[in-house]
Amino acid sequence: MPAKKAADSGKAAVKKVAAGRGAAKAPASKAPASEARTSKGAAARKPESRTALVRRARRINRELAEIYPYAHPELDFENPFQLVVATVLSAQTTDLRVNQTTPALFAKYPTPEDLAAADPEEVEEILRPTGFFRAKTKSVMGLSKALVEEFDGEVPGRLEDLVKLPGVGRKTAFVVLGNAFGRPGITVDTHFQRLVRRWRWTEATEPDKIEAAVGALFPKSDWTMLSHHVIFHGRRICHARKPACGACPIAPLCPAYGEGETDPEKAKKLLKYEKGGFPGQRLNPPQSYLDAGGRPAPPLGAG
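Given the structure is predicted, the values throughout are model-derived calculations rather than measurements.

Rules used in this analysis
- Residues numbered from 1 in each chain as written.
- Predicted model: local features only at pLDDT ≥ 70, side-chain atom pairs only at ≥ 80, totals over all residues.
- Heavy atoms only, no water.
- Helix = DSSP H or I, 4+ residues; strand = E, 2+ residues; numbered from the N terminus.
- Contact = heavy atoms within 4.5 Å.
- Areas by Shrake-Rupley, 256 points an atom, 1.4 Å probe, with all protein chains shown as cover.
- Axes fitted to C-alpha atoms, helices over the stretch in contact; angles between N-to-C directions.
- Parallel < 35°, antiparallel > 145°, perpendicular 65-115°, else oblique.
- Left-handed = near helix turned anticlockwise from the far one by under 90°.
- Nonpolar A, V, L, I, M, F, W, Y, C, P; charged D, E, K, R; others polar.
- Buried < 20%, exposed > 50% of the residue type's maximum accessible area, 1.4 Å probe, protein only.
- Polar contact = N/O pair within 3.5 Å; in protein donor to acceptor, adjacent residues only side chain to side chain.
- Salt bridge = Lys/Arg side-chain N within 4 Å of Asp/Glu carboxyl O.
- Phe/Tyr/Trp six-rings, centres within 6.5 Å; stacked < 30°, edge-to-face > 60°.
- Lys NZ or Arg CZ within 6 Å of the ring centre and 35° of its normal.
- Core = buried A, V, L, I, M, F, W, Y, C linked by side-chain atoms within 4.5 Å.

Let us look at the overall build of the chain. Each helix and strand in the chain was counted, giving 17 helices and zero strands. Look at the contacts in the chain between residues 6 or more apart in sequence, and 62% of them connect residues 24 or more apart. Element-wise, carbon and sulfur atoms account for 52% of the exposed surface of the chain, whose accessible area totals about 14700 Å².

Next up on the list: the packing of helix α9 (residues 120-127) against helix α10 (residues 133-151). Contact pair α9 / α10: the axes reach a minimum separation of 9 Å and the direction vectors enclose 120°. Relative to α10, the element α9 lies oblique. The two elements α9 and α10 meet at a crossing, and its hand is right-handed. Between α9 and α10, the residues in contact are Pro120, Val123, Glu124 and Leu127 and Phe133, Arg134, Lys136, Thr137, Val140 and Met141, respectively.

Interhelical geometry of helix α7 (residues 95-108) versus α9 gives an angle of 155° and a closest axis separation of 9 Å. By the criterion of interaxial angle, the relationship of α7 to α9 is roughly antiparallel. Contacts between α7 and α9 pair Thr101, Ala104, Leu105 and Lys108 from the former with Glu122, Val123, Ile126 and Leu127 from the latter. Here the residues of the contact of α7 with α9 are counted per class, giving five nonpolar, one polar and two charged.

Once that is clear, we can look at the side chain of arginine 236. Relative to the elements of secondary structure, arginine 236 occurs in helix α15 (residues 223-236). Apart from the residues lying within four places of it in its own chain, the contact partners of arginine 236 are Tyr68, Glu74, Leu270, Leu271, Lys272, Tyr273, Glu274, Lys275 and Tyr289.

This next bit is on helix α6 (residues 80-89). Along α6, nine of the ten residues are buried, which leaves the element largely enclosed by surrounding structure. The set of residues buried in α6 consists of Phe81, Gln82, Leu83, Val84, Val85, Ala86, Thr87, Val88 and Leu89. Tucked into the core, α6 has its buried residues touching α7, α8 (112-116), α9, α10 and α12 (170-180). Between a side-chain oxygen at the N-terminus of α6 and the backbone nitrogen of phenylalanine 81 the separation is 3.2 Å; the capping residue is asparagine 79.

We now examine unusual backbone geometry. Notably, aspartate 152 is not glycine yet its phi reads approximately 55°, a positive angle. Within the secondary structure, aspartate 152 sits in the loop between α10 and α11 (159-162). At tyrosine 273, a position not held by glycine, the phi torsion is positive, near 55°. By the secondary structure assignment, tyrosine 273 is in the loop between α16 (264-268) and α17 (287-291).

Going through the model one piece at a time under the given rule, you end up with 15 salt bridges. Arginine 158 is the partner of glutamate 160 in a salt bridge, and the nearest nitrogen-oxygen pair spans 3.2 Å. A salt bridge links glutamate 206 to lysine 209, with the shortest nitrogen-to-oxygen separation between them at 4.0 Å. One network of salt bridges, with partners in common, ties together Glu74, Asp95, Arg235, Arg236 and Glu274.

What follows deals with the side chain of serine 227. Within the fold, serine 227 resides in helix α15. Assessed through its relative accessible area of 2%, serine 227 is described here as buried. There is a polar contact of 3.0 Å between the side chain of serine 227 and the backbone oxygen of tryptophan 223. Sequence-distant contacts of serine 227, defined by excluding residues within four places in its chain, comprise Gly185, Ile186, Thr187 and Phe192.

This brings us to the packing of aromatic side chains. A full pass over the atoms with the stated rule returns seven aromatic pairs. Both rings, one in tryptophan 201 and one in phenylalanine 218, keep their centres 5.3 Å apart while their planes meet at 55°; by these two values the pair is tilted. Here tryptophan 201, found in the loop between α13 (190-198) and α14 (207-215), pairs with phenylalanine 218, found in the loop between α14 and α15; they are 17 residues apart in sequence, far enough to count as distant. In this pair, the class of tryptophan 201 matches that of phenylalanine 218, namely buried. Here the aromatic cluster, defined as three or more aromatic residues joined through ring pairs, consists of Tyr68, Tyr70, Phe232 and Tyr289. Taking NZ or CZ as reference, arginine 236 lies 3.8 Å from the ring centre of phenylalanine 232, over its face.

Formed by 42 residues in total, the largest nonpolar core has its most connected members in Leu64, Tyr68, Phe192, Trp199, Trp201, Val214 and Phe218. Counting residues per element, the ones that place at least two in this core are α5 (50-67), α13, α14 and α15. The element that contributes the greatest number of residues to this core is α5, accounting for six residues. Look past the residues within four positions of valine 214 in its chain and what remains in contact with it is Ile186, Phe192, Val196, Trp201, Thr202 and Leu226. One finds Phe81, Ile126, Val140 and Val176 within the second-largest nonpolar core, a separate group that totals 33 residues.

Below, the structure is given as structure tokens:
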């Protein structure tokens, strides 16, 4: 079976799965759920010890680091203020839509002082493409006022301060801490929640409990990049509705293998962003992403 054969042959087999060759040995059509469960290897048949779980989780992260050496936050930003605003705006929409919207916002309101003093109706009009624009206007103007009044116009670098800002929860705070200040944090977004449960790292459903459970499996220094690796994989391969199991390089390590398309050729057609040859979400992505074959996203209204 694919998981067993690849596990026996180690990393070489993992890379074969990435190229579609190892996965080609999987059944082309989906088996019934009961049959699929029995084909996922020993991890699916007997309880996994804590030690085995830690080893498997860390190996998955190492494999993802090789697959996505260019993993990064997919919001365009130049400073902590832009990142906290962009992250708040990313609720209930894509990073792409936020990236297409924030250039106009930051061109007109480059500082917390500017945004705090803005005309709400003008801000709403700029933010309209992101959805829920009235609530988001209230949040970003509110956090800007708080930054001016409580933090001298500077984004604080502590979790306890960040979560006091309007519209900023733990997820947003850890995005800012990890990517603007270099302080480790786990970002539990919808992709992260989905994948860690598929991988059986935790059965928790509440973000704070997921954060604690997953954090306990890894050194704190790994948390920020772990978040990027997992989120990148969720956006590109391990999708919510149609995971591309047959094109997944970590299929041998996944207890949920078979929930998605296992035929390698069909699975390849499900790949997104640079894995599928399509533009990414950032208008200004890192050079490492471009070197890996990624393409910048188009600006708002282009194409």
